[in-house]
Amino acid sequence: MAKKSAIRIALDLETTGLHTEQDAILEVAAIKFQGSDILDTFESFVSPGRSIPYRVQRLTGIKPELLVGAPPFDAISKKLQHFIGDYPIVGHSIPFDVGFLRRWGVARANPLVDTFELATVLLPSLSSYNLGQVAHALGIQVPVDRHRAMVDTVLAMKVFLALYERLQAVDLALLQDLAHLDAPRSWSLLHFFRQEVRLRQESEGIAGGLMRGSLGDRFASQLGMDPRILSFAIARRQEHEPSPSELLPVETTSLTELQKDIEVIPEESQAEGPMDHEALYAAMRTSFEQKTPFLLEVTVGNNDYAPALLSALEWLSETDDAAPRRLVVACANQQSARRLIETTLPGIQAALKSKLSVAYWAEKGGYLCTHRWFGAALRRTSGELTAEQARGLAKLGLWAQQTLTGERSELTLLPQEVTAWERISSGIEQIPSADPRAGSMYQRCMYRRKGYCFVSNAAERVRNAQIVVTTHAGLLDDLSQAHSLLAEIPTRMILDADLLDEECARWSSVELDYPRLYRLLNTIGAELADGRYQGLLALAAPALRENGPGGISRTQTIAKADLDSRLVSWFQTIKQARSSVDALFGALQQLTDEFLHQGGRDRRDGPRHSHRLHERLDQPLRLTSQVSNLPSWSNVIQLWHQTEQRLQQVIDLAQKAEKGLLGGQRQGNARDKGSGEESSLASELAGVASQLRELKHLGQQAFSLSDSENVYWLRQTQNITTASQMQHRTSPAEQMPVLYAQTIQTSQLLRRLLLTEGKATVFAGAALSVEQSFAFTRQRLGLEDGCPAYSVVSKRHKQTLLLVPSDVPEPNAPQYQRRLEEALIQIATSLEGQVVALFTSHAALRSSYAAIKPVLEARGILVLGQGIDGSPRHLWQVYKEQERVVLLGAGGFWEGTDEVPHSPACLFVARLPMPVLNDPPMAARAELISDQLHQLTVPLASLRMRRALNRLAWNDTRRNAIVIFDRRIISKEYGSMILHSLPRSSQRQVIAQELSETLLDWLTVMDAWEDEPLTAQK
């Protein structure tokens, strides 16, 4: 007889805000359920004893009139506690809800089952883990009246039951791994997984699956690898090959649709008018066949590169040669690459009726490494896992059994989970061994030889593909390697080429930070407070100590008695290195403090307002010859030399340990010979030593103050907002400054890697021309002056009106901020929301948010600010679901996201997006330019404006308007450069009071307007 399911409580609260100590409960709902049977329910409004924020009223529908007569929470707390009892409580982000209850003494000790945590583990590829998205992914209907307590409680219960059903299909051996993760007891899923293991073992009448006990060791010895690999999908690839019915549906588009409504404009055209797709195809064909570079600006809205890709695929498809043509396509990021593979390319191929093979090549560290997963990944190296790291490893464990590609791009990893990926990712397999006779991990890996290596399998797919899709970083990673896969492919197309310079700068950058350096040292080895030892050396101690039994330790930590004198001395060396790192970063902290109090503060700032204090604390200290004048610099140099010496000692001992492990395997004295565990530990030691060498080299270059090819700077990353916090810093790891390095002239690096002889590279981007000239982009990308360039644009003069107020002050002038806020209120009121406002700084955004929010909310318009009310993804989701909404964004908001549902009726640009020249990399580049304004600042602002409009204003074909609330575009002589860099649209210059009326006229009258082009002063 099947055992009955456990009784659980599904629960959800609606509250006035997110702060347990400051906010109050508005509504509580709970369901007592057993399996799919509902046993009882509890539901009540709660009097909060305070006003309900407008945002909460809009999102929940709970208005003050609904709470008339509602009891205070203390009047229902005992009844709720009796209902809950000591049953496990289920909910989405349930620790948040229970935090409010525990403040009132309710549900103090109940086990928690967080469906958010469970969903992140069991649904590793979701783009978002909010309750609605999770339910949708599980095929559960999402009610339209969400964000009410009982509705969300029912939804959370259904989501839990669906996730629980998925959990039943998880292999027991893997479930045992998850239940034994070295995670804190506070991680809610740890108790849940352990309970499930006990229930599963009881129901199946077994003690476990094929695990690494004595039987598992014998299998490992025979296989030469961990037997659990046989439960992975990669071990049964033939069974998992998708059938045609399982492939993603393709939106078929005719060739006519792909080619219509575009104009093709050569940079230097002798033609009387714009040309069509045939001209674009001819130009691209010439580039491919003559092996020359080609610039192609594609501004047709929504980051759509179909016109460029269509020409490239036509060229690829037309040959009947025995050796098919091949093409590399590089996108800005993994999300764009996946969208290209899953949606864009299949649609174009369907239109062309072609069947070109496509493969993806990830950047360095972009694949799951099975050798590492079955090596040290789940073992303790640098201390107990955090709850977020444990969740990340649990997610990776379940995904590893399902994935056929092992690609990082399949996953959605939250920021705190990334360190879990770093434990098991590829990237160290090609590091040369300290013992040349042993070869690299890649060469000696049994998983690769047996066909279970994701990197090797991906490389084989790339060799056989006609189209290889990668990212900018992936292309640079590959071409910088001695054994490049992509270098042999003669034709390339780089999409988002207007972002390539920035991506190359990021790719070339290196950081030296206290937490990472400390973590690397602890990974090699550390003595704990109880006198025991942990880390790679502790795990390897049985094989490394004199006359040791071989193999690796089966415990997380070991006693001093299990070490010989050499190992004890190694741990002491690492301890000394940590002490030097402590002293060095303490000195760097003192150096940045001196800079902030002496040279870093503008004495004209006046009173020390908290936001100005924060900006000063975040001010970078660039390492130039002038920094040596600071009093503490000599101490920094002295401590660096000591740290450098001790880091080298740690690198040396890591290499000795690596040799010892590999030598022991060759001599055959390992208990687990063939299992690969000693080889895996050796590879981990090689990987850590390689990272330490890189960081040591960074320090040598930075502190020498003599490197002219890179820029180095220190920046305080701690989020301090008050003088009191500055005086009472508590967390050393968060206080320490970070040392950054970045290449100054990326054009030289791009020229070396991309512009090689015999290769054709098409640089396609949404924003490449400045005032109809591509000269600025040629210089950024290292191209010759004669490189041909074309623009592909859509006609926008009937869709978009560009408005500039003529009577407002320039930014930074008195009254500018007040006039801006008045205009925003006026426009948002007239349009009943439907406004997206872009700011060039978060400080400016917060100022305008505070001013317009109460006014607009009193008029029934919801105002949401990036970083205040959520991430860009969340804000766009609310914008999609709600009416009468205004969004305020900055930073990455300019680029838009995949979640932009539709273009706003009005895109409001608060000021021109001029780059900040006190940013060290930008400052270093500016120093090489004589006319910084016209040769750097304004061109960059022009390109950023064009890119933002392409993504946000032309996401669809609905009529809209763009307000540029920065009269410098017409009052300054450089304004014409920006105006003439934007695609053609209707234009008007009006006084601020007429903005709303003009907008309404444009949006409601569909006829074309007579052009009144804006003109800037000369």
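Taking an unreviewed UniProt entry as the reference, the protein chain is identified by name as DNA polymerase-3 subunit epsilon/ATP-dependent DNA helicase DinG belonging to Thermosporothrix hazakensis.

## Quick word on the nonpolar core
Phe 193, Met 284, Leu 296 and Trp 361 are the most contacted members of the largest nonpolar core, which totals 143 residues. Among the elements that take part in this core, helix H6 (residues 149–167) stands out by supplying ten residues, more than any other. No fewer than three residues from each of domain 1 (7–169) and domain 2 (255–357 + 466–513 + 744–795) sit in this core. Apart from residues no more than four positions distant in its own chain, Trp 361 is found in contact with Tyr 367, Val 455, Ala 458, Ala 459, Val 462, Val 468, Val 469, Thr 470, Asp 478, Leu 485 and Leu 486. Counting residues in each nonpolar core, the second largest holds 64 residues, with Val 581, Val 636, Leu 714 and Met 736 among its members.

## With respect to the confidence of the model for the protein chain
When pLDDT is averaged along the protein chain, the result is 87, and 88% of the positions lie at 70 or above. Counting interchain partners and residues more than four positions distant, the pLDDT-below-50 stretch residues 208–216 has 25 contacts. Scored below 50 in pLDDT, residues 719–731 shows 19 contacts in the model against residues more than four places distant or in partner chains.

## Looking at the packing of helix H4 (residues 115–122) against helix H16 (residues 387–402)
Two packed helices can be described by the angle between their axes and the distance between those axes. In contact at an axis separation of 7 Å, H4 and H16 are set at 40° when each is read in the N-to-C sense. For the element pair H4 / H16, the angle class is oblique. The segment H4 lies against H16, with Phe 116, Glu 117, Thr 120, Val 121 and Leu 122 engaging Arg 391, Ala 394, Lys 395 and Leu 398. Tallied by class, the residues present in the contact of H4 with H16 amount to five nonpolar, one polar and three charged.

## Let's talk about helix H7 (residues 172–179)
Most of H7 sits inside the fold, with eight of its eight residues counted as buried. Of all the residues in H7, the buried ones are Leu 172, Ala 173, Leu 174, Leu 175, Gln 176, Asp 177, Leu 178 and Ala 179. Each element contacted by the buried residues of H7 is listed here: H6, helix H8 (188–204) and H16. Of the residues that open H7, the one with a side-chain oxygen 3.1 Å from the backbone nitrogen of Ala 173 is Asp 171.

## A short note on the environment of Ser 942
With respect to the helices and strands, the residue Ser 942 is situated in helix H37 (residues 932–953). Residue classification places Ser 942 among the buried residues on the basis of a relative accessible area of 0%. Residues Ser 942 and Leu 982 lie 40 residues apart in sequence; the distance between their C-alpha atoms is 7.5 Å. With near-sequence residues (within four places) excluded, Ser 942 lies in contact with Val 770, Met 977, Ile 978, Ser 981 and Leu 982.

## What to know about the packing of aromatic side chains
For the coordinates displayed, the defined rule picks out 26 aromatic pairs. Ring centres of Phe 908 and Phe 965 lie 5.5 Å apart, and the angle between their planes is 25°; this geometry places the pair in the stacked category. A residue pair is termed long-range when its members are at least 10 positions apart, and Phe 908 in strand S24 (residues 906–909) and Phe 965 in the loop between strand S25 (960–964) and helix H38 (968–971) qualify at 57 residues. The buried category is assigned to Phe 908, whose relative accessible area is 0%. When its relative accessible area of 0% is taken as the criterion, Phe 965 is described as buried.

## Description of the pairing of strand S21 (residues 835–839)
By the criterion of burial, S21 is predominantly enclosed, with five of the five residues buried. Along S21, one buried face is formed by Val 835, Ala 837 and Phe 839 and the opposite face, lined by Val 836 and Leu 838, is buried too. Sheet analysis places S21 next to strand S23 (residues 885–890), joined by five bridges and oriented parallel. Looking across to S23, one finds that Leu 838 is bridged to Gly 889. For S21 and S24, the ladder comprises four bridges, and the chain directions are parallel. Note on S24: the bridge partner recorded for Ala 837 is Phe 908.

## Quick word on the pairing of S24
Regular strands show a simple pattern: their side chains alternate between the two faces of the sheet. Neither face of S24 is exposed, since Cys 906 and Phe 908 on one face and Leu 907 and Val 909 on the opposite face are all buried. Direction of pairing for S24 relative to S25: parallel, over a ladder of four bridges. Bridged to Leu 907 within S25 is Ile 962.

The rules behind each value
Residues numbered from 1 in each chain as written. Predicted model: local features only at pLDDT ≥ 70, side-chain atom pairs only at ≥ 80, totals over all residues. Heavy atoms only, no water. Core = buried A, V, L, I, M, F, W, Y, C linked by side-chain atoms within 4.5 Å. Buried < 20%, exposed > 50% of the residue type's maximum accessible area, 1.4 Å probe, protein only. Helix = DSSP H or I, 4+ residues; strand = E, 2+ residues; numbered from the N terminus. Domains from an automatic or database assignment. Contact = heavy atoms within 4.5 Å. pLDDT = per-residue confidence, 0-100. Axes fitted to C-alpha atoms, helices over the stretch in contact; angles between N-to-C directions. Parallel < 35°, antiparallel > 145°, perpendicular 65-115°, else oblique. Nonpolar A, V, L, I, M, F, W, Y, C, P; charged D, E, K, R; others polar. Polar contact = N/O pair within 3.5 Å; in protein donor to acceptor, adjacent residues only side chain to side chain. Phe/Tyr/Trp six-rings, centres within 6.5 Å; stacked < 30°, edge-to-face > 60°. Pairing = 2+ DSSP bridges.

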